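The chain contents come next:
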Amino acid sequence: MRTVVVAALVVGGIGGGLTGCAGAPALALVPWSPILSGLVANRGDDWESRQKLNDLDKKADWPGMFSLAQGYLKRDQTDANWLFVAGYAQFRQANYAMAIEGAQSAVSINPEDLDSWNLLAESLRLSNRAAEALPVLQRAGELDPASAVIAHLQSTALSSLGDAPAALAAAGRARELAPHEPEYLYVLANLHNRLGERD
């Protein structure tokens, strides 16, 4: 699984409106880089298109990546790979509504694409629709029960909803599934610290 989400733990929801147990501030995971580079590396149809995607990814040229995807989608509007790329490019520009549209289209065509499920879930969460992200992640988890990424995304969604105990449990699963990934340990440790502050 190529998707990795790195997050920092802060007190208070994005925008400050969320509350957790007993009126305490919710735990929110604010992404440093919501989905890291490399996710689109193998999405092209051939060497030339993959090279173009790689160059655009390195330059962080998300409008250029979206334009490239649109060109291919004009030829075939049902190409799940390019629908994902289009959604991913919009996601990186914080255009979450369009990212959701692209990811939903991609999974409707290729329901086995875990990256598209993850993109859909994270786009929903960052649109203040974390409750809708949870069933998406449940579906993704059915496809790959051993994915630390999915467990981590569940933790971020639960944190956004202010459910700290469930977020801690999900973060613990992510850590168990990927014990050598430092970002999962970081998130787990901070969740423990925040829960300790509430006691």
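Above: the structure in question.
Attention in this report is confined to the structure presented alongside it.

So, how was this worked out
Residues numbered from 1 in each chain as written. Predicted model: local features only at pLDDT ≥ 70, side-chain atom pairs only at ≥ 80, totals over all residues. Heavy atoms only, no water. Helix = DSSP H or I, 4+ residues; strand = E, 2+ residues; numbered from the N terminus. Expected span 1.5 Å × (residues − 1). Buried < 20%, exposed > 50% of the residue type's maximum accessible area, 1.4 Å probe, protein only. Polar contact = N/O pair within 3.5 Å; in protein donor to acceptor, adjacent residues only side chain to side chain. Lys, Arg positive; Asp, Glu negative; His and termini not counted. Salt bridge = Lys/Arg side-chain N within 4 Å of Asp/Glu carboxyl O. Contact = heavy atoms within 4.5 Å. Axes fitted to C-alpha atoms, helices over the stretch in contact; angles between N-to-C directions. Parallel < 35°, antiparallel > 145°, perpendicular 65-115°, else oblique. Left-handed = near helix turned anticlockwise from the far one by under 90°. Nonpolar A, V, L, I, M, F, W, Y, C, P; charged D, E, K, R; others polar. Core = buried A, V, L, I, M, F, W, Y, C linked by side-chain atoms within 4.5 Å.

### With respect to helix α8 (residues 164-177)
Here is step 1 of the chain: Over its 14 residues, α8 extends 20 Å from the first C-alpha to the last, a length consistent with the 20 Å expected when each residue adds 1.5 Å.
Here is step 2 of the chain: Of all the positions in α8, only Ala 164, Ala 167, Leu 168, Ala 170, Ala 171, Gly 172 and Ala 174 are classed as buried.
Here is step 3 of the chain: The residue sitting at the N-terminus of α8 and contributing the capping side-chain oxygen is Asp 163; that oxygen lies 3.3 Å from the backbone nitrogen of Ala 166.

### Things to note about the side chain of Asp 79
Here is step 1 of the chain: Within the fold, Asp 79 resides in the loop between α2 (62-75) and α3 (80-92).
Here is step 2 of the chain: Summary of buried charges: Asp 79 has no salt-bridge partner, and the nearest side chain of opposite charge, Arg 43, is 7.4 Å away.
Here is step 3 of the chain: The contacts of Asp 79, once residues within four sequence positions are left out, are Asp 45 and Leu 73.

### A short note on the environment of Pro 179
Here is step 1 of the chain: In this fold, Pro 179 is placed in the loop between α8 and α9 (182-198).
Here is step 2 of the chain: Classification of Pro 179 by relative accessible area gives partly exposed; the value is 42%.
Here is step 3 of the chain: Placed 31 residues apart in sequence, Pro 179 and Ala 148 show a C-alpha to C-alpha distance of 9.4 Å.

### Comments concerning the pattern of salt bridges
Here is step 1 of the chain: In total, this model carries 6 salt bridges according to the counting rule given.
Here is step 2 of the chain: For Asp 113, the salt bridge identified is with Arg 43, shortest N-O distance 2.8 Å. Remark: Arg 43 occurs in the loop between β2 (27-33) and α1 (47-59) and Asp 113 occurs in the loop between α4 (96-109) and α5 (114-125); sequence separation between them is 70 residues. Of the two residues, Asp 113 and Arg 43, both sit in the buried class.
Here is step 3 of the chain: For Glu 132, the salt bridge goes to Arg 129, with nearest N and O atoms at 2.7 Å.

### Points about the packing of α2 against α3
Here is step 1 of the chain: Direction vectors running N to C along α2 and α3 enclose 160°, while the axes themselves pass 8 Å from each other. In terms of axis orientation, α2 runs roughly antiparallel to α3. As for the relative orientation of α2 and α3, their crossing is left-handed in sense. Contact residues: α2 offers Trp 62, Met 65, Phe 66, Leu 68, Ala 69, Gln 70, Tyr 72 and Leu 73, while α3 offers Trp 82, Leu 83, Val 85, Ala 86, Tyr 88, Ala 89, Gln 90 and Arg 92.
Here is step 2 of the chain: Among the residues making up the contact of α2 with α3, the classes are represented as 13 nonpolar, 2 polar and 1 charged.

### Details of the nonpolar core
Here is step 1 of the chain: Within the largest apolar cluster, 46 residues are counted, with the highest numbers of intra-cluster contacts made by Met 65, Trp 82, Phe 84, Val 85 and Tyr 88.
Here is step 2 of the chain: Within the residue set of this core, elements represented by two or more residues are α1, α2, α3, α4, α5, α6 (130-143) and α7 (148-160).
Here is step 3 of the chain: Broken down by element, the residue count for this core peaks at 8 residues, all from α3.
Here is step 4 of the chain: With residues up to four places along the chain from it excluded, the contact list for Trp 82 reads Arg 43, Gly 44, Asp 45, Ser 49, Leu 53, Leu 68, Ala 69, Tyr 72 and Leu 73.

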